[in-house]
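Residue strings, one per chain:
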Amino acid sequence: MTWCFWRIILLCVFSIWTTFAYAELHGTNTPDPDKPWSEYKPWVEAWYFRSARTENSFSNMIQPRLYVPFSMSDQWRGISRIDTSLVSNGGPAFPHESGRDFNPSLSKFTVWAISPEVLPSTTVNFGSRFYLPTGYDKRDYGSTQWAVAPQVGFTVKKIDYGILSEFAPWFRYVIGVSSISTPPTPLARTLEIYPTFVFRIDDHWSVKIWDQRGMVYNAVNGEWFMPIDGVLYYYFDKHWSVAAGGSKQIVNNLPLYQWSGYGRIGYHF
């Protein structure tokens, strides 16, 4: 492995450590009956995605994630997220890959702030995501460039309209900074839109629409990718949960994938 790869790994480890230290210093695990426990405890998730690039070509991805909430002040809160991924490709679209070997892929570090209520049951969220090309310079394993992505959104909770309980849209603009491939790939200028709706069925079941697979607009060539996406969550208790979902493209001008199925297991500390 190259020094660049190990430098990225060290950066990720340092980011996790400093975020945990910051959370402990600010007492984020202090009980508060007016706020859910999940806002104070870190949680981990393990995702598996299987996506069809073409009819007979598939990409499989394993993606672990770590979320660490922290306190910024008496009213402002924050969350950091770090995830990496392993990818295996197979089929005619990937002529040099067997579909059996998993290779390092893209890593991401995201941090965002959550405001106090600006309107009843409404908060504003903003922050940034950093894309780390830990898949080396291979396009099929993930990004071939360093990128930064400012993001903004808002969350409306406690909606009393049938089973609709939450509306939480996100907007993220990905800006490529430096290509690592030879020849260099064009730097990204991409808008990602996640118009997330949460439907709470009962205390254990919920459904989220456009939660994992959002809409993508390529500002370089003006092309869109628009899917239908939904995921069903089941919460066993305050610690363990599972989820399963899928996504199907409607507009696929880029293209990214034809369909995608995925699952997740999560644990809240």
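The rules behind each value
- Residues numbered from 1 in each chain as written.
- Predicted model: local features only at pLDDT ≥ 70, side-chain atom pairs only at ≥ 80, totals over all residues.
- Heavy atoms only, no water.
- Helix = DSSP H or I, 4+ residues; strand = E, 2+ residues; numbered from the N terminus.
- Polar contact = N/O pair within 3.5 Å; in protein donor to acceptor, adjacent residues only side chain to side chain.
- Pairing = 2+ DSSP bridges.
- pLDDT = per-residue confidence, 0-100.
- Contact = heavy atoms within 4.5 Å.
- Buried < 20%, exposed > 50% of the residue type's maximum accessible area, 1.4 Å probe, protein only.

**Structural notes on the side chain of serine 71**
Move 1: Locating serine 71 in the fold gives a position in strand E2 (residues 57–71).
Move 2: In terms of polar contacts, serine 71 uses its side chain to reach the backbone carbonyl oxygen of serine 73, at 3.1 Å.

**Some points on the pairing of strand E7 (residues 122–132)**
Move 1: Taken together, the eight bridges between strand E6 (residues 107–114) and E7 define a ladder with antiparallel strand orientation. Bridging from a neighbouring strand, alanine 113 pairs with phenylalanine 126 of E7.
Move 2: Pairing of E7 with strand E8 (residues 145–156), which is carried by ten bridges, proceeds in the antiparallel orientation. Following the sheet pairing, arginine 129 is matched in E8 by alanine 149.

**Remarks on the confidence of the model for the protein**
Move 1: Residues of the protein with pLDDT of at least 70 account for 84%, and the chain-wide mean is 85.
Move 2: Per-element confidence in the protein ranges from a low mean pLDDT of 47 for helix H1 (residues 3–25) to a high of 97 for strand E11 (residues 205–209).
Move 3: Every residue in residues 1–10 is under pLDDT 50, and counting partners more than four places away or in other chains gives eleven contacts.
Move 4: Throughout residues 16–33 the model reports pLDDT below 50, and contacts reaching past four residues in sequence, or to other chains, amount to 25 contacts.

**Let's talk about the side chain of asparagine 218**
Move 1: Examined against the element boundaries, asparagine 218 turns out to sit in strand E12 (residues 215–218).
Move 2: Given the relative accessible area of 18%, asparagine 218 is considered buried.
Move 3: Side-chain polar atoms of asparagine 218 contact the backbone nitrogen of valine 220, separated by 2.9 Å.
Move 4: Beyond its immediate chain neighbours, meaning those up to four positions away, asparagine 218 contacts Arg189, Glu223 and Leu254.

**So, the pairing of E8**
Move 1: Burial along E8 is one-sided: the residues Gln145, Ala147, Ala149, Gln151, Gly153 and Thr155 are buried and none of Trp146, Val148, Pro150, Val152, Phe154 and Val156 is.
Move 2: Bridging between E8 and strand E9 (residues 164–179) involves eight bridges; their strand directions are antiparallel. For tryptophan 146, the partnering residue across the bridge sits in E9 and is serine 178.

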